[in-house]
Every structure is written in C-alpha cells, then in structure tokens.
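Secondary and tertiary structure notes
Below, each chain spelled out in residue letters.
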Amino acid sequence: GAVVSQHPSWVICKSGTSVKIECRSLDFQATTMFWYRQFPKQSLMLMATSNEGSKATYEQGVEKDKFLINHASLTLSTLTVTSAHPEDSSFYICSASLGHNEQFFGPGTRLTVL
Amino acid sequence: KQEVTQIPAALSVPEGENLVLNCSFTDSAIYNLQWFRQDPGKGLTSLLLIQSSQREQTSGRLNASLDKSSGRSTLYIAASQPGDSATYLCAVRPGAGGTSYGKLTFGQGTILTVHP
C-alpha cells in the first residue's frame, strides 16, 4: 500500500510556542490530505481537509487561525499549531488519498505542550 | 449526520478463538467502509476496504462483510493470536455529492486483547 510519513513523530514544546507537523505521501501524489486529532482512548476527530493549492476546509469547532494548514504540493501538507497550550496536547494523524480512493494514514505525531 | 457505533467496546479472548467485531452506521448512503487496526501510540493500518457495491472482502485470517441496507459491517478474525491485540476501528466514507464527500467518520473502536 501507499506510504504516508509524518515528522516529527513526537514533540514537546513550551506553552506559547508554535509547532509545525509535516505530512508526506512518499510514493504517490495525494490530491487530498486530511488532518485528524485523537485524544487518549478516543477515536479520530477530523480537523480539516486540505487540497493542494487551495485553502483548507475546517470542521466545525476547529479554529483555523489556531491550526494553520498548508498544502504546498501534491506530496506535502503541514499543520502548524500556533501559540500552543497544554490543551492542544494530543495525537495528530494525517492521511492522504488519491482521487476518491482509500485514505492512507501516517504514523501520527504526539504533541505535548508544557 | 452520520454516526458510527462499534460493539463491543472491548473484548478479551484466549488465543485461537474466532471472533466477530461489529460496526453499525446510521446513514446507508456510503461510498465505502474501511476497517483499521491501531496499535498503542501508533497510526492506523488499513486492513480491509469494502466498496458500497461489495458484500465482503477477505485478507488472510480477516473477513469483513457489509450489509449496506441495514447499516452494518462485521469484521471476522479467525484463529486469533496475541499479535492481533490492538484497537480496531471502522470508518465509513459518504457517497458522492455534498460537503462531506471524502470525509471518513470513525467509530469509537473495539479494544481487542488476545491472551496466550
């Protein structure tokens, strides 16, 4: 299957700083990438849908100025958590899809904000 | 709004048992349904994808069925092994049209423990 990577796999930062997470599709060009958030022992919650070259579409309740998404190319999307606070600590997972086919998920990024 | 429910929430079985995980969804207008496996602290691994026109898919010891009209899917694991221990998630993708197209809705997952 297709491979999706995320970097970093984990990050610890101080409150108030910004953190950037990268999502890459390694062996295919992804027309669409998705960003999810997962709290401990809970399922995945879709945060936003990202299409290459256009603005991301955010789900209801997700602050677009807080979670900046850039989809600069067909193989890279980035999520920047701005002015991070402890409540932003979570497991962030991206996925990528080609056309209308299945989504392939990255390994996730564990964010801890002190 | 699509809602996906998985039963049971947790399951503990001895090695070798055959088991069934259940997934139900409220809106039958789906494009496909996927079953995933998630190990603790890891991402998702896709196990099986069933298109809306299909009834089942098989991969090794795994078999997933889909009854779209009744909004149900089951994941059957044959001859379970300790290495099967993980959280299993099902997710549905809505049909074409509308703003939700392409977006997966996940169930809460079933935590499976297979003990030796």
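Residues numbered from 1 in each chain as written. Chains lettered and ligands numbered in written order. Predicted model: local features only at pLDDT ≥ 70, side-chain atom pairs only at ≥ 80, totals over all residues. Heavy atoms only, no water.

1. Structural notes on the nonpolar core
Here is the rule: Residues belong to one nonpolar core when they are buried, are Ala, Val, Leu, Ile, Met, Phe, Trp, Tyr or Cys, and are joined through side-chain atoms within 4.5 Å. Relative accessible area decides the class of each residue, using a 1.4 Å probe on protein chains only: under 20% of the type maximum gives buried, over 50% gives exposed, and in between gives partly exposed. Helix and strand assignments follow DSSP, with helices taken as H or I runs no shorter than four residues and strands as E runs no shorter than two, numbered in order from the N terminus. Two residues form a contact once any of their heavy atoms are found within 4.5 Å.
In terms of nonpolar packing, the biggest core is built from 24 residues, with A:W35, A:F67, A:L79, A:Y92 and A:L111 touching the most fellow members. Every element with two or more residues in this core is listed here: strand 2 (10-13), strand 3 (19-25), strand 4 (32-38), strand 5 (44-51), strand 7 (67-73), strand 8 (76-81), strand 9 (90-97) and strand 11 (109-113) of chain A. Apart from the residues lying within four places of it in its own chain, the contact partners of A:L111 are A:V11, A:C13, A:V19, A:V81, A:D88, A:S89, A:S90 and A:Y92. B:V4, B:L19, B:L47 and B:I50 belong to the second largest nonpolar core, which has 23 residues in total.

2. Brief notes about the interface of chain A and chain B
Rule in force here: Buried area: the accessible area, evaluated with a 1.4 Å probe, that two parts lose upon being put together, summed over both parts. Whenever Lys or Arg places a side-chain nitrogen within 4 Å of a carboxyl oxygen from Asp or Glu, that contact is recorded as a salt bridge. Any N or O atom pair separated by 3.5 Å or less is treated as a polar contact, with the protein-specific requirement of one donor-capable and one acceptor-capable atom, and with residues adjacent in sequence counted only for side-chain atom pairs.
Tallying the contact residues gives 20 residues for chain A and 19 residues for chain B. Across the chain A to chain B interface the summed buried area is about 1500 Å²; carbon plus sulfur atoms make up 51%. For the interface between chain A and chain B, the tally reads one salt bridge. Counting every contact that joins chain A to chain B gives four residue pairs in polar contact (both at pLDDT 80 or more). Every element with two or more residues in the side of chain A that touches chain B is listed here: strand 4, strand 5, strand 9 and strand 10 (103-105) of chain A.

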